[in-house]
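These are the residues of each chain, in order.
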Amino acid sequence: MILYDYFRSSAAYRVRIAIALKGLDVERRHVHLLRSEQRDPGYRAKSPLAIVPTLELDDGRLITQSLAIIDYLDALQPDPPLLPSDAVLAAQARATALTIACEIHPLANLRVIEALQRQFGAKDVEIASWRRLWISEGLKAVEALIAPAPFAFGAEPSLADICLVPQVYNARRFDVPLDACPRILAVDAACAMHPAFLQAHPQAQPDA
Ligand SMILES: N[C@@H](CCC(=O)N[C@@H](CS)C(=O)NCC(=O)O)C(=O)O
């Protein structure tokens, strides 16, 4: 299997955490987003939206979307599970992951930021404020959804932690204050000591 990846992509970071938790052996190809390599026709043929991550299976079939890739990896290697065994907790962990992946992350994506600059002449200071607004609003909602113990939904990392840690990394990168989010900070601190999260960290990647 090949993962098309970029060290600072938070969506690819989610998949790297899942790969590390599952102990899977996956080849990596780097797609440099700031050099627009995601828009090269060869890569766009694999990912029609020209975004990372994409997983290419050994038979050439392709899976896009980090959460779909993670679902596939979970089916391929069920141990350790990525959702709590309790049905309600599993649904809440998934809801937390979707809050991050659907309600926060897309609003500050590179192509959205580029469109704000190109179509509306948004300046750097306005872009920074836009990013902070949506990350901070979204994380406040996540703060209310999770119940650290010490991971977001129990004693083991779940899909919620897999999505939360990269989003916290982004929040810090863009100077979003996190003092109003003690639960998120506690979960992030628990994950920071877990080997799979350390292995998947952007600064630990060969293309960093
Ligand atoms: N919903 C997608 C989001 C993927 C995504 O937005 N990737 C970003 C990096 S985090 C990207 O490739 N952006 C390139 C661009 O906007 O041009 C997923 O979860 O895989």
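Scroll up to find the structure this text is about.
From a predicted model like this one, the values you see are computed outputs, not experimental measurements.

Quick look at the sheet that holds strand β2 (residues 27-30) now. If you walk across this open sheet you meet the 4 strands as β2-β1-β3-β4, and the pairing is mixed. If you trace the sheet from one side to the other, it starts and ends with β2 and β4 (62-64), each paired once. Along the sheet, successive strands turn relative to each other by an average axial angle of 20 degrees, direction set aside. With 3 bridges connecting them, strand β3 (residues 54-56) and β4 associate as antiparallel partners. Considered in β4, the bridge of Glu56 is made with Leu62. Lying over the sheet, helix α1 (residues 10-22) contacts β1 (2-5) and β2, oriented at roughly 145 degrees with respect to β1. The sheet contacts of helix α3 (residues 66-76) involve β3 and β4, and relative to β4 the element is tilted by about 125 degrees.

With respect to spatial proximity, 17 residues lie near the ligand, and among them Arg39, Val52, Gln65, Ser66 and Asn109 are the closest. The contact in question runs from an oxygen atom of the ligand to an N or O atom on the side chain of Arg14, over 3.2 Å. The side chain of Asn109 places a nitrogen or oxygen atom 2.5 Å from an oxygen atom of the ligand. Here the ligand loses 93% of its free accessible area of 520 Å² to cover by the protein chains. Counting residues per element, the ones that place at least two in the shell around the ligand are α1 and α5 (110-120). Counting residues per element, the shell around the ligand draws most heavily on α1, at 3 residues. Tallied by class, residues from the shell around the ligand come to 7 nonpolar, 7 polar and 3 charged. Built from parts of two domains, the shell around the ligand gets at least three residues from each of domain 1 (2-80) and domain 2 (87-198).

What counts, and at which threshold
- Each chain has its residues counted from 1, following the order in which its sequence is written.
- In view of the model being predicted, local features appear only for residues whose pLDDT reaches at least 70, and side-chain atom pairs are presented and counted only at 80 or more, with totals across whole chains, interfaces and linings using the full set of residues.
- To get the side-chain values, all heavy atoms of the structure are used, and hydrogens and water are removed first.
- Pairing between two strands requires that DSSP report at least two bridges joining them.
- A helix here means a DSSP run of H or I that spans at least four residues, while a strand means a run of E at least two residues long, and both kinds are numbered starting from the N terminus.
- Here an angle of 0 to 180 degrees is reported between the N-to-C directions of two axes, which are lines fitted to C-alpha atoms, with helices fitted over the stretch in contact.
- Note on contacts: a residue pair qualifies if any of its non-hydrogen atoms lie within 4.5 Å across the two residues.
- When at least one non-hydrogen atom of a residue lies within 4 Å of a molecule or strand, that residue is treated as near it.
- Two N or O atoms form a polar contact when they lie within 3.5 Å of each other; inside protein one atom must be a possible hydrogen donor and the other a possible acceptor, and for residues adjacent in sequence the pair counts only when both atoms belong to side chains.
- Calculation of accessible area relied on Shrake-Rupley with a 1.4 Å probe; when residues are assessed, cover is drawn exclusively from the protein chains displayed.
- Only Asp, Glu, Lys and Arg are considered charged in this grouping, and only Ala, Val, Leu, Ile, Met, Phe, Trp, Tyr, Cys and Pro are considered nonpolar; every other residue, Gly among them, is considered polar.
- Domain start and stop points were drawn from an automatic or database domain assignment.

Read these as geometric descriptors, not functional statements.
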